[in-house]
Amino acid sequence: MVLQAQWVLPRDCDAAMETLAQTLLDHGQEHLFEGWPEPGIGDDDKARFFNQVKKLDANYPGGLVAYIDNARKLLADSKAGRNPFDGYVPSVPSGERLYYGDERFVRFEEAGVKAASNAAFVLVAGGLGERLGYTGIKVALPSETTTGTCFLELYIKNILALQEFSSATRPIPFVIMTSDDTHAMTEKLLKENNFFGMDPSQVTLLKQEKVACLADNFARLARNPSDKYSIQTKPHGHGDVHAVLYSSGILSRWKLSGVKWLIFFQDTNGLLFKAIPASLGVSVTNDLDVNSLAVPRKAKEPIGGIARLTHTNGLKIAGLQSVRADRGTGSEMVINVEYNQLDPLLRNTGYEDGDVNDETGYSPYPGNINQLVLKLDSYLEELTKTNGAIVEFVNPKYKDAGREEFKSSTRLECMMQDYPRTLSPSAKVGFTVMDTWLAYAPVKNNPEDAAKVPEGNPRHSATTGEMAIYKANSLILKKAGVKIGSPTIETFNGQEVEVWPRVVWSPSWGLTSSDVKRKISGSCEITQRSTLVIRGANVSFKDLYLDGALVIDASKHSEVEIHSIRVVNDGWEFQKVGSKDVSVPEQYRIRGFITKQLDHKELEFDLPGSYLIACDDTDELSGRRGEEANAFA
């Protein structure tokens, strides 16, 4: 007997519910109704089921029919082992290679700061920190423990600094894409901290919804095993940010308000704003529709490579397929290719050695770090065509070699960086490569997994992420003329790391390379064991010697000149803790250390005015010794 829609509906139902029921039946989803009682029994549960279906249908571009159809195609390709890039030949695309502090870098950086007045920022922050060994949201984690500044505060302070230094005539919009797991906690973090100084009206939280899980190769939706009136769901991936932005209507409103550029970034990279101004400047100067921020990448390193892919016409030339592009048909694109796809793709198109390093010691295909600069006009035009949908993939785990059964349900996924795959060949797509030490130190792995990473490969843990911030700030000061003590090598949570001077400043003090260079003069030296914290925009140094800890707090309207002083004290030091030591808060034990504040000198300027702090060469500013305290106390 063929199941009819009226047999599965609640007694009191509307036309929309009846349509949904018939849609599911027409698309091979009869199994969802197995075991349902006759009409009039369990109607509340049936209504709950259809409310969920209605939501799943509304939240996917094209609805559930499109989702099921797309799933069947992708599952068939997966079962057959087809490479999504079959028929394409990779080559190295055009892009910019910038080196911190040189003339070109400064020029692009200045252009980027100016353009920030017409920019908007989008943070993809849908994940919890469970993978890191942290039970909260990732953006609440300290980016570094010297000041305890969390990632979200760091990002907001950088946007506010760009807002001020770009002379923006309106607040720079900031969108945070959350999920069911993170939305309430993100909202709470912002409200409890008064939005970290940002006007609440310029912050928008947009929640990403989940998609239905798939039970088999026929794209039958997976029913919840503990609830026959519920469909299993999972996150769709951070590529949802495009659909979420489009459906919200915010892009059109931004365009009307004068926004020209969008900067997309992810949630736990404490370095990225050191590279964003210059990369935005590249987009503006070269009028790029898409600009991916990238870093040098070792061949076969587990990070996606940016490549130009050109579709072939089936001819062979010198062992390679012809790379003649059929313009206007989407036959050429510049996109991220995942590392596990790039090497076999190269080998299959005539490059016998696959992904190998060139004379620079790096792969010619730069590493994608998922920070994008998009031109709003062309972005909105493209999303209007696609309703925000981008290319998806599916990654089922099979029980058998024949790829017939799944170990567990799967779902369609999408990635933010795959947006360029739908663009016309006429779109201007490029990339900007900067040194890893300046641009990329994500926090993605827990201590145990990070310790297992082979020596020489990035560990991407809370430990290495924090140490990278100190290294970057130390190198920036070094390039500005400061003598910096050489790093020592220490091991925390089984991870061997370089420990540089613990130098941290507020974004308003050192937003760009020119800002830092302008505020440093004379003969300045910071020893390896030292800690320097600078809070305030208008603090300059001349002939500073620091061997210990110095904290400077200056209000927005105070100007402070530090001349010819020596600060020598016992300073602050790292004290090792175990990753399993539950007496230590988890945000510290996942790093393997806490900061022991032994001794420091603090200079505070909370009133408007100009201040000169100077000593003769024989004087020393000794530390102010108070109660010893751990950073988390």
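The rules behind these values
Residues numbered from 1 in each chain as written. Predicted model: local features only at pLDDT ≥ 70, side-chain atom pairs only at ≥ 80, totals over all residues. Heavy atoms only, no water. Helix = DSSP H or I, 4+ residues; strand = E, 2+ residues; numbered from the N terminus. Rg over C-alpha atoms; globule rule 2.2 N^0.38 Å. Buried < 20%, exposed > 50% of the residue type's maximum accessible area, 1.4 Å probe, protein only. Contact = heavy atoms within 4.5 Å. Areas by Shrake-Rupley, 256 points an atom, 1.4 Å probe, with all protein chains shown as cover. Lys, Arg positive; Asp, Glu negative; His and termini not counted. Charge placed at Lys NZ, Arg CZ, Asp CG, Glu CD. Phe/Tyr/Trp six-rings, centres within 6.5 Å; stacked < 30°, edge-to-face > 60°. Polar contact = N/O pair within 3.5 Å; in protein donor to acceptor, adjacent residues only side chain to side chain. Pairing = 2+ DSSP bridges. Axes fitted to C-alpha atoms, helices over the stretch in contact; angles between N-to-C directions. Parallel < 35°, antiparallel > 145°, perpendicular 65-115°, else oblique. Expected span 1.5 Å × (residues − 1). Salt bridge = Lys/Arg side-chain N within 4 Å of Asp/Glu carboxyl O. Core = buried A, V, L, I, M, F, W, Y, C linked by side-chain atoms within 4.5 Å. pLDDT = per-residue confidence, 0-100.

**Some thoughts on the overall build of the protein**
So, point 1. Looking only at helices and strands, the protein features 16 helices and 33 strands.
So, point 2. Relative to the globule expectation of 26 Å for 633 residues, the C-alpha radius of gyration of the protein, 27 Å, shows essentially globular dimensions.
So, point 3. With the C-alpha coordinates aligned to their principal axes, the bounding extent of the protein is approximately 100 × 65 × 50 Å.
So, point 4. The burial tally for the protein puts 53% of its 633 residues in the buried class.
So, point 5. Sequence separation of 24 or more characterises 72% of the internal contacts of the protein that already satisfy a separation of 6 or more.
So, point 6. Carbon and sulfur atoms make up 48% of the accessible area of the protein, which totals about 27300 Å².
So, point 7. Taking the average place of the 70 positive charges on the side chains of the protein and the average place of its 83 negative ones, the gap between the two points comes to 2 Å.

**Observations regarding the packing of aromatic side chains**
The geometry of two aromatic rings is summed up by the distance between their centres and the angle between their planes.
So, point 1. With the rule as written, the count across this model stands at 27 aromatic pairs.
So, point 2. Taking the centre distance of 6.0 Å and the plane angle of 35° together, the rings of Tyr155 and Phe273 count as tilted. Residue Tyr155 is found in helix H5 (residues 151-165), and its partner Phe273 is found in the loop between strand E8 (261-266) and helix H9 (276-286); the two are separated by 118 residues along the sequence. Assigned by exposure class, Tyr155 and Phe273 land together as buried.

**A closer look at the environment of Arg589**
So, point 1. Mapping Arg589 onto the fold places it in helix H16 (residues 586-589).
So, point 2. Overall, Arg589 belongs to the buried group, its relative accessible area being 17%.
So, point 3. Separated by 142 residues in sequence, Arg589 and Pro447 have C-alpha atoms that sit 8.9 Å apart.
So, point 4. Other than its neighbours up to four places away in sequence, Arg589 contacts Asn493, Val577, Gly578, Ser579, Lys580, Asp581, Val582 and Val584.
So, point 5. Within the structure, Arg589 has its side chain in polar contact with the backbone oxygen of Val584 (distance 2.6 Å).

**Section: the sheet that holds strand E24 (residues 531-535)**
So, point 1. In space, the four strands of this open sheet follow the order E21-E24-E26-E30, with parallel pairing throughout. In the strand order of this sheet, the two ends are held by strand E21 (502-505) and strand E30 (601-605), each with one partner. Taken pair by pair, the neighbouring strands of this sheet meet at an average axis angle of 5°, ignoring direction.

**Points about the pairing of strand E10 (residues 305-311)**
Each regular strand shows side chains that alternate between the opposite faces of the sheet.
So, point 1. Where burial is concerned, most of E10 is hidden: five out of the seven residues are buried.
So, point 2. Taken together, the four bridges between strand E1 (residues 88-91) and E10 define a ladder with antiparallel strand orientation. Counted as the bridge partner of Tyr88 is His311 from E10.
So, point 3. In terms of strand pairing, E10 meets strand E13 (residues 332-337) through six bridges, oriented antiparallel.

**Considerations on unusual backbone geometry**
So, point 1. Phi angles above zero are rare outside glycine, and Ser167 is one such case at about 55°.
So, point 2. Checked against the element boundaries, Ser167 lands in the loop between H5 and strand E4 (174-178).
So, point 3. Residues other than glycine seldom take positive phi values, yet Arg403 does so here, at roughly 55°.
So, point 4. With respect to the helices and strands, the residue Arg403 is situated in the loop between strand E15 (392-394) and strand E16 (412-414).
So, point 5. Residue Arg403 is classed as partly exposed on the basis of its relative accessible area, which comes to 31%.

**Regarding the packing of helix H4 (residues 103-115) against H9**
So, point 1. In contact at an axis separation of 6 Å, H4 and H9 are set at 85° when each is read in the N-to-C sense. With respect to each other, H4 and H9 are oriented roughly perpendicular. Contacts between H4 and H9 involve Phe105, Phe108, Glu109, Ala111, Gly112, Val113 and Ala115 from the first element and Pro277, Ala278, Leu280, Gly281, Val282, Val284 and Thr285 from the second.

**Re helix H2 (residues 43-58)**
So, point 1. Between its terminal C-alpha atoms H2 stretches 22 Å, which fits the 22 Å expected from 16 residues at 1.5 Å a residue.
So, point 2. Regarding H2, the residues found buried are Asp43, Lys46, Phe49, Phe50, Gln52, Val53 and Leu56.
So, point 3. Buried residues in H2 make contact with helix H1 (15-26), helix H3 (63-80), strand E6 (210-212) and strand E7 (233-235).

**Side note on the packing of helix H7 (residues 240-248) against helix H8 (residues 250-257)**
Between two packed helices, both the angle of their axes relative to each other and the distance between the axes serve to describe the pair.
So, point 1. Across the interface, H7 lies against H8 with an axial gap of 5 Å and an inter-helix angle of 70°. The orientation of H7 relative to H8 falls into the category roughly perpendicular. Residues Leu245, Tyr246 and Ser248 of H7 pack against Ile250, Leu251, Arg253 and Trp254 of H8.

**Quick word on the pattern of salt bridges**
So, point 1. Taken as a whole and assessed by the stated rule, the structure comprises 27 salt bridges.
So, point 2. Taking the shortest distance from any N to any O, the salt bridge between Lys188 and Glu192 comes out at 3.8 Å. Taken together, the positions of Lys188 and Glu192, both in helix H6 (residues 183-192) and four residues apart, correspond to about one turn of that helix.
So, point 3. Linking Lys255 and Asp377 is a salt bridge whose minimum nitrogen-to-oxygen distance equals 3.7 Å. Within this pair, whereas Lys255 is found in helix H8, its partner Asp377 is found in helix H11 (residues 376-386), the two being separated by 122 residues in sequence.
So, point 4. A single salt-bridge network, built from bridges that share partners, covers Asp45, Arg48 and Asp227.

**With respect to the nonpolar core**
So, point 1. One finds Met434, Leu477, Trp509, Ile520, Val539 and Phe541 to be the most contacted residues of the largest nonpolar core, which totals 60 residues.
So, point 2. Looking at this core, the element that brings in the most residues is helix H14 (residues 462-479), giving eight residues.
So, point 3. Ignoring anything within four residues of it in the chain, the contact list for Met434 reads Arg97, Leu98, Phe105, Ala275, Ala278, Ser279, Leu293, Ala294, Val295, Pro296 and Ala439.

**Structural notes on the confidence of the model for the protein**
So, point 1. Considering every residue of the protein, the mean pLDDT works out to 90; 93% of them sit at 70 or more.
So, point 2. Counting contacts from residues 314-330, a segment whose pLDDT is below 50, to residues more than four positions away or on other chains yields 29 contacts.
So, point 3. Residue range residues 622-633 is modelled with pLDDT below 50. Its contacts to residues more than four positions away, or to other chains, number 30 contacts.

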